[in-house]
Amino acid sequence: MNLLAEFERIKKDHAKAVRMRAARIVLGPSVMRVYRKGTGKQIMPILARISIDEIAKVGNQKQFKAWFEYWLEVLAKEILRLNSTNDRIHPGYKWGHSTKILTLYIRELVINTRYFKDPIVDTIVPFLYSPIDSVVINRLLDLGCDFGFLRIKDIDTPEKFYSIQDLLDKPAKAVGAPRIWFDDNWGDRQTSHKPQRITNAPDL
């Protein structure tokens with residue numbers, strides 16, 4: 001095989017490669033540490049075969065929700081099969097832990113790659129659900145939000161999952177931002193945003 005043929009192969013399979021790379025990023029140690037060993041390897045192909053291209057046809061929140069719940073069921077069924085006795089993710093294996101993986105995967109492909117063209121991204125982003133984890137939960141608690149649970153595994157019903165999404169959606173829209181941006185709290189790992197004193201900083 002020569003170099004030209006190799007690039008032809010890469011070009012042909014590029015979309016699949018991007019999906020696999022996104023799955024590999026999402027299924028890192030920080031996400032998979034609560035699962036049985038080998039779970040990530042088993043569910044990676046499931047993420048990669050999600051019909052992510054169908055998102056481009058989504059025109060409203062109701063359609064996105066239906067698409068999201070279909071693939072959530074597929075993913076959660078496999079996670080349950082591999083972790084049926086894993087107390088670290090029960091009872092919220094589906095609406096807590098599985099939604100975290102799925103929302104992270106969708107975010108990675110829609111926002112953090114060039115998988116979709118910009119006009120499609122601009123349409124889709126407002127529909128996306130925010131990943132919910134301990135950092136996000138703690139930040140919401142810091143802000144005085146009370147939703148009746150403290151851990152991801154306690155999110156064991158669709159009502160609990162969507163209650164947080166609705167909680168985030170209204171203020172996000174009020175400032176012209178998508179609710180998924182609330183996940184930026186994870187980027188700096190802050191569970192409390194009280195001002196911190198910076199010492200030895202250069203004068204600007």
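Quick note: structure is the one above.
Quick summary incoming for the structure in this document. All residue numbers refer to position in the chain's written sequence, counted from 1. Note on the predicted model: pLDDT of at least 70 is required for a residue's local features to be given, and 80 or more for side-chain atom pairs to be given and counted; whole-chain, interface and lining totals, by contrast, use all residues. With hydrogens and water stripped out, all remaining heavy atoms of the structure feed into the side-chain values.

Focus: the overall build of the protein
For step 1, the next point in the chain: Helix and strand definitions here come from DSSP, where helices need a minimum of 4 consecutive H or I residues and strands a minimum of 2 consecutive E residues; each element is numbered from the N-terminal end. Looking only at helices and strands, the protein features 10 helices and zero strands.
For step 2, the next point in the chain: Walking the protein from its N terminus toward its C terminus, one meets helices and strands in the order α-α-α-α-α-α-α-α-α-α.
For step 3, the next point in the chain: Its C-alpha atoms put the protein at 60 × 55 × 40 Å along the principal axes.
For step 4, the next point in the chain: Taking all 204 residues of the protein together, the buried fraction comes to 45%.
For step 5, the next point in the chain: When checking whether two residues touch, look at their non-hydrogen atoms; a contact exists if any pair is within 4.5 Å. Relative to all contacts within the protein whose residues are 6 or more apart in sequence, the contacts with residues 24 or more apart total 71%.
For step 6, the next point in the chain: As displayed, the protein has an accessible area near 12,300 Å², and 54% of this comes from carbon and sulfur atoms.
For step 7, the next point in the chain: Of the charged side chains in the protein, 33 are positive and 24 negative; the average position of the first set lies 4 Å away from that of the second. Buried, partly exposed and exposed residues are distinguished by accessible area as a fraction of the type maximum, computed with a 1.4 Å probe on protein chains only: under 20%, between the cut-offs, and over 50%, respectively. Using a 1.4 Å probe, the Shrake-Rupley method yields the accessible areas, and only the shown protein chains count as cover for residues. Think of it this way: Lys and Arg go in the positive column, Asp and Glu in the negative one, and His and the chain ends go nowhere. Positions of charges follow a simple convention, taking NZ of Lys, CZ of Arg, CG of Asp or CD of Glu.

Here we look at helix H9 (residues 158–174)
For an α-helix, 3.6 residues make a turn, and residues three or four places apart therefore share a direction.
For step 1, the next point in the chain: Here H9 is 17 residues long and its end C-alpha atoms lie 25 Å apart, about the 24 Å a rise of 1.5 Å per residue gives.
For step 2, the next point in the chain: Positive phi shows up at Gly176, right after H9, with a value of about 75°. Between the first and last residue of a helix there are one fewer steps than residues, each counted as 1.5 Å, and that sum is the expected span.

Let's talk about unusual backbone geometry
For step 1, the next point in the chain: The omega torsion across His90 and Pro91 is 10°, close enough to zero to call that bond cis.
For step 2, the next point in the chain: Relative to the assigned elements, Pro91 resides in the loop between helix H5 (61–82) and helix H6 (93–111).

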